[in-house]
Each structure stands twice: as C-alpha cells, then as structure tokens.
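Reading the structure
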Amino acid sequence: MRVLVLHGPNLNLLGVREPEIYGTQTLADLNREIVDAAAGFGIAATCEQYNGEGQIIEALHAARGVYDAIIINPGAYAHYSYAIADALRSIGVTVIEVHLTNVAARDEFRRVSVTAAACRGSISGLGSDGYVLALRSLAETAQ
Ligand code: DQA
C-alpha cells in the first residue's frame, strides 16, 4: 500500500515555529517517524510539504493512480480552503486529515475544518501519534 503524507504551510518550520504549541520535533524527525511507522504497517509512505495552496492541489491531483491513500495536514488552509476541499472530493482517493494540535481547543477560527468534511476522518491534538493512528487505520481498512 502506498500512502502520500502531505504537510501544508508552515509545517516546514516545525521545531522552530512556536515550540510551546508545536513542540521541538522537526519536520525531518516527524517524517522519519511516519516512514518507520508506515513500514511497520506494511505501508510505503512518501512525505511532501508545500506552503502554497495551488501546490497542494497539484500534489492531490498528481496522487491519482499513484497512491492508495493520502494523509493530509492542511495547516491553516483547513479552516478556509474550499479549493483544497473540492480537490479532496475530486480525486477519488481515501484521505485522512491530521492536525498536530487540538484545533478544537485553540482560536475560534481553528474550530472549523472545511477540508475535514471532505475526508474519511480526522485526528486532532495527538501530535505525531495522529499520523501513526491514521496509518494504522488505513492499513486495517485495506485488508
Ligand atoms: C495545524 C493546526 C492549524 O490550525 C495551524 O494553522 C497549523 C498547524 C496542526 O497541525 O495543529 O499550521 O494544522
């Protein structure tokens, strides 16, 4: 099973960015954890990060026929990008949304995810474990 893990804007600055909120794990550390966990589930995970909305949409379009499923952390785009939500609905690939932080417990604007509504499910607030749980769910549903 091939899974694309798409990280959205500002996640390239993990480890530096607001460490009191996002912790000290860098994106490279997170990707290593994801790829290792995926291998344990028999999944080949590819991790990509884009800051641009259009780049994320292009990556979603390109995933058709290449990946069996996608795990996406759309960053702040989750809260307002109807274009990414439409792309998620258009590609016919199973997607799980993950947020490192508990978006329900932060600023008011973070409480809505327009992209989660276009996904199979969403996980929020469990840090890197959210990605591992999403991988586990994909591995189990593939059987
Ligand atoms: C985030 C939550 C978003 O609200 C925020 O804009 C991010 C990161 C998370 O993983 O917790 O960039 O997606």
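Look above for the structure.
What comes next concerns the included structure. Each residue is numbered by its place in its chain's sequence as written, counting from 1. Whole-chain, interface and lining totals are the exception, using all residues; otherwise, since this is a predicted model, local features are given only for residues with pLDDT of at least 70 and side-chain atom pairs are given and counted only at 80 or more. As a convention, hydrogens and water are excluded, and side-chain values are obtained from all of the structure's heavy atoms.

Points about the packing of aromatic side chains
For Phe, Tyr and Trp, rings pair up if their centres lie within 6.5 Å, where Trp contributes its six-membered ring, and each pair is then called stacked (planes under 30 degrees apart), edge-to-face (over 60) or tilted (otherwise). Counted under the stated rule, the structure contains one aromatic pair. Remark: a charge is flagged as sitting over a ring if the NZ atom of Lys or the CZ atom of Arg is within 6 Å of the ring centre and within 35 degrees of the ring normal. A cation sits over an aromatic face here: Arg17 above Tyr22, 4.2 Å from the ring centre.

Examining the pattern of salt bridges
Two side chains carrying opposite charge are able to pair once their charged atoms lie near each other. Any carboxyl oxygen of Asp or Glu within 4 Å of a side-chain nitrogen of Lys or Arg constitutes a salt bridge here. In this structure the tally under the stated criterion is five salt bridges. Glu108 serves as the salt-bridge partner of Arg111, at 3.5 Å between the closest nitrogen and oxygen.

Some remarks on the side chain of His7
By definition, any uninterrupted DSSP run of H or I lasting at least four residues is a helix, any uninterrupted run of E lasting at least two residues is a strand, and each is numbered from the N terminus. Checked against the element boundaries, His7 lands in strand S1 (residues 2-7). The term polar contact refers here to a pair of N or O atoms within 3.5 Å; inside protein, the definition further demands a hydrogen-donor-capable atom paired with an acceptor-capable atom, and it admits residues adjacent in sequence only when both atoms are side-chain atoms. A polar atom in the side chain of His7 sits 2.8 Å from the side chain of Asn31. Contact criterion: two residues are considered in contact whenever any of their non-hydrogen atoms come within 4.5 Å of each other. In this structure, His7 is in contact with Leu27, Leu30, Asn31, Ile34, Cys47, Glu48, Gln49, Tyr50, Asn73 and Tyr131, ignoring residues within four places of it in sequence.

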